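# Coordinate analysis (summary)
Letter by letter, the chains look like this.
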Amino acid sequence: MIELDAVKLFYGHGPEVLKDVTCTIGQGEMRFLTGPSGAGKSSLLRILFLALRPTAGHFRLFGSDTGKLTERAVPGLRRKMGVVFQDFRLLSHLTVFDNVALPMRVAGHSESKYRLDVEELLDWVGLKSRLADYPDTLSGGEKQRVAIARAVVAKPQLLLADEPTGSVDTQMAKRLIRLFEELNKLGTTILLATHDEKLIARARLPVFRLDSGVLRVDP
């Protein structure tokens, strides 16, 4: 699913953000990515989402060499992914329901085919009563849960989530992890970036650790 070989990243003439990152994530795996603030977690996720190109090294995604991708090929690969950003990226002019339904509409599905899935997901994340509301009326934690529902509704092949439980309480965090685990059982490969060591300990999943741009794998 993901292969990184000696990937480096610089911003301008600054220091290395990522230093010879080498790892693989196989189809159907679920892993955490952790490390202190500034370790490079968000930068690595942006590379995986094809929003950044590495300065050096090789990166293969879904079997394709991303260094040889044309701009026209990128949207097709992104449609195989679900992504949760820290800034949520909800569309303010769309309701909660319509934000979550957006990937299904982009894929050309009729509302009759996805309405129940959207409503069930919003119920799972505790927001079924808010489906007709707009993002500006939501708290930060509620926006995060809408972003998560939108990322998983189409059952993507790959899910990338940047601090997906950072704005919710412990009980909701546990519920969201169960949602990710159920999605993983359906075959979705999942990488969750978090600094929450208690969450990592409870979930007992394999862990990548980034520190000052250097990646290691927990034994």
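Residues numbered from 1 in each chain as written. Predicted model: local features only at pLDDT ≥ 70, side-chain atom pairs only at ≥ 80, totals over all residues. Heavy atoms only, no water.

Counted by the stated rule, this structure contains 15 salt bridges. For the salt bridge of K8 with D20, the shortest nitrogen-to-oxygen distance reads 3.1 Å. Of this pair, K8 sits in strand β1 (residues 2-10) while D20 sits in strand β2 (residues 16-25), and the two are 12 residues apart along the sequence. The class for D20 is partly exposed, based on a relative accessible area of 43%. Between R209 and D218 there is a salt bridge, with its nearest N and O atoms 2.9 Å apart. Residue R209 is classed as buried on the basis of its relative accessible area, which comes to 19%. Assessed through its relative accessible area of 23%, D218 is described here as partly exposed. (Salt bridge = Lys/Arg side-chain N within 4 Å of Asp/Glu carboxyl O. Helix = DSSP H or I, 4+ residues; strand = E, 2+ residues; numbered from the N terminus. Buried < 20%, exposed > 50% of the residue type's maximum accessible area, 1.4 Å probe, protein only.)

Moving on: the pairing of strand β10 (residues 214-217). Here four bridges tie strand β9 (residues 207-211) to β10, and the two strands are oriented antiparallel to one another. Counted as the bridge partner of L210 is L215 from β10. Between β9 and β10, which follow one another and run antiparallel, lie two residues, and S212 among them has a positive phi close to 55 degrees. (Pairing = 2+ DSSP bridges.)

Attention now moves to the side chain of D162. As for its placement among the helices and strands, D162 is situated in strand β7 (residues 158-162). Although D162 lies buried, it forms no salt bridge, and the closest oppositely charged side chain, K41, sits 6.5 Å away as judged by the N-O distance. At 3.3 Å, the side chain of D162 forms a polar contact with the side chain of Q86. In this view, D162 contacts S42, L45, V84, F85, Q86 and A193; residues no more than four positions away in its chain are not counted. (Lys, Arg positive; Asp, Glu negative; His and termini not counted. Polar contact = N/O pair within 3.5 Å; in protein donor to acceptor, adjacent residues only side chain to side chain. Contact = heavy atoms within 4.5 Å.)

Attention shifts here to the sheet that holds strand β5 (residues 64-65). Within the open sheet, the four strands sit side by side as β2-β1-β4-β5. Their pairing is antiparallel. In this open sheet, the two strands that pair with only one neighbour each are β2 and β5. Its contacts with the sheet put helix α1 (residues 41-48) on β1, β2 and β4 (56-61), and the angle it makes with β1 is roughly 125 degrees. (Axes fitted to C-alpha atoms, helices over the stretch in contact; angles between N-to-C directions.)

Unusually for a residue other than glycine, D20 sits at a positive phi of about 50 degrees. Look at E163: it is not a glycine, yet its phi comes out positive at around 50 degrees. Structurally, E163 is set in the loop between β7 and α6 (170-185). On the basis of relative accessibility, which here comes to 10%, the residue E163 falls in the buried class.

As a further point, take the nonpolar core. If you look at the biggest cluster of nonpolar residues, it comprises 41 residues, and the most contacted ones within it are F32, V118, V152, F180 and L192. Within the residue set of this core, elements represented by two or more residues are β3 (30-34), α3 (96-106), α4 (111-124), α5 (140-152), β7, α6, β8 (189-193) and α7 (197-203). It is α6 that contributes the most residues to this core, seven residues altogether. Ignoring any residue separated from it by four or fewer positions in sequence, one finds V118 in contact with F97, V100, A101 and V153. (Core = buried A, V, L, I, M, F, W, Y, C linked by side-chain atoms within 4.5 Å.)

Taking 1.5 Å per residue as the helical rise, α5 with its 13 residues ought to reach 18 Å, and the 19 Å between its terminal C-alpha atoms agrees with that figure. By the criterion of burial, α5 is predominantly enclosed, with 11 of the 13 residues buried. Considered for burial, the residues of α5 that qualify are G141, E142, Q144, R145, V146, A147, I148, A149, R150, A151 and V152. Turning to α5, the residues buried within the fold contact β6 (81-84), α3, α4, β7 and α6. (Expected span 1.5 Å × (residues − 1).)

Further remarks concern the sheet that holds β10. Spatial strand order, β6-β7-β8-β3-β9-β10: six strands in an open sheet with mixed pairing. Both edges of this open sheet fall to β6 and β10, since each of them pairs with a single strand only. The average angle at which neighbouring strand axes cross in this sheet is 15 degrees, direction not considered. The strands that α1 touches are β3, β6, β7, β8 and β9; relative to β7, the one it contacts most, it runs at about 155 degrees. Of the strands in this sheet, β6 and β7 are in contact with α5, which crosses β6 at around 170 degrees.

Counting buried residues in α1 gives six out of eight residues, a clear majority hidden from the surface. Every buried residue belonging to α1 is among K41, S43, L44, L45, I47 and L48, and all of these are buried. Trailing α1 by a residue or two, L50 shows a phi angle of about 70 degrees, which is positive.

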